[in-house]
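Remarks on the overall topology
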Amino acid sequence: QTLTNPTNIDQTASYTVTATSGSCPSSTFSVDITIHPKPTVAASVLSQSACSGAAITPILLSNTNGIAGTIDFSWTRDNTTNTTGIPSSGNTATISGNLTNMTTSPETTIFTFVATSDNNCISNAATASVIVNPLPTVSATPASQTICSENTIAPITITNPNSILGTTFSWT
């Protein structure tokens, strides 16, 4: 039988046991089971976008059902090849840092986290996602020119060598 404690404090379930052989019953006895509550885990930010190399909005983890005692948080993240900069796992209540996109397309990193109570009860896992947008590169050809006063400069070609879609250019 699976026992569930939906509260934030310990609960007790009691069973009365009687053995019978034919028509002869034994004396009864009780079995008490203490059911510790599981913590719940929530994040302050469930979804966000950041530019490559920029700090993400810190993800603050909390135990929303208020179980007493020390709650430990642990987390992991995926996509560690295409996004770098934040470790692949941690044991902190705050996930923060800079993620760098190693590709030319937006990359999503999913953080998965749990809370663990003093009684070693583990919450259901929850997630938060960060879309890390790549940074475009810019190239100007020619990169410099020397001209005499009142002469026209040669055309300058501006390109996006890493071909990030949606890149626009401005100059002053």
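In short, a report on the structure. (Residues numbered from 1 in each chain as written. Predicted model: local features only at pLDDT ≥ 70, side-chain atom pairs only at ≥ 80, totals over all residues. Heavy atoms only, no water.)

Tracing the backbone shows Val-45 in the loop between β5 (42–43) and β6 (47–51). The buried category is assigned to Val-45, whose relative accessible area is 18%. In this structure, Val-45 is in contact with Thr-57, Pro-58, Ile-59 and Ala-128, ignoring residues within four places of it in sequence. (Helix = DSSP H or I, 4+ residues; strand = E, 2+ residues; numbered from the N terminus. Buried < 20%, exposed > 50% of the residue type's maximum accessible area, 1.4 Å probe, protein only. Contact = heavy atoms within 4.5 Å.)

Right, let's talk about the environment of Pro-106 for a bit. Structurally, Pro-106 can be placed in the loop between β12 (100–101) and β13 (107–116). With a relative accessible area of 53%, Pro-106 lands in the exposed category. Distance in space between the C-alpha atoms of Pro-106 and Thr-116 is 33 Å, their sequence separation being 10 residues. When neighbours within four sequence positions are excluded, Pro-106 is seen to be in contact with Asn-101, Ile-131, Val-132, Asn-133 and Pro-134.

What follows deals with the sheet that holds β6. Across a sheet, paired strands are connected by hydrogen bonds in the backbone, their directions being either parallel or antiparallel. Read across the sheet, five strands follow the order β6-β14-β13-β8-β10 without closing on themselves; strand pairing throughout is mixed. Taken across any chain shown, the strands that pair with only one partner, and hence form the sheet edges, are β6 and β10 (89–90). The pairing of strand β8 (residues 72–77) with β13 spans six bridges and is antiparallel. Looking at β13, one finds that Ser-74 is bridged to Val-114. (Pairing = 2+ DSSP bridges.)

Core analysis: the biggest nonpolar cluster contains 20 residues, and Ile-59, Leu-61, Phe-111 and Phe-113 have the highest contact counts within it. The set of elements that each furnish at least two residues to this core consists of β7 (59–62), β8, β13 and β14 (126–133). Once residues within four sequence positions are removed from consideration, Phe-111 is found in contact with Ile-59, Trp-75, Thr-76, Arg-77, Ile-86, Ile-95, Leu-99, Ala-126, Thr-127, Ala-128 and Val-130. (Core = buried A, V, L, I, M, F, W, Y, C linked by side-chain atoms within 4.5 Å.)

Once that is clear, we can look at the layout of surface pockets. Of the voids in this model, the largest pocket is the one considered here, and its volume is about 170 Å³. Contributing to the lining of the largest pocket are 13 residues, with Thr-4, Asn-5, Lys-38, Pro-39 and Asn-124 lying nearest its centre. Partitioning the lining of the largest pocket into residue classes produces four nonpolar, eight polar and one charged. (1 Å grid on protein atoms, 1.4 Å probe; cavity = no way out; pocket = protein on both sides within 12 Å on 5 of 7 lines; lining within 4 Å. Points joined across faces, edges and corners; volume = space filled by probe spheres on them. Nonpolar A, V, L, I, M, F, W, Y, C, P; charged D, E, K, R; others polar.)

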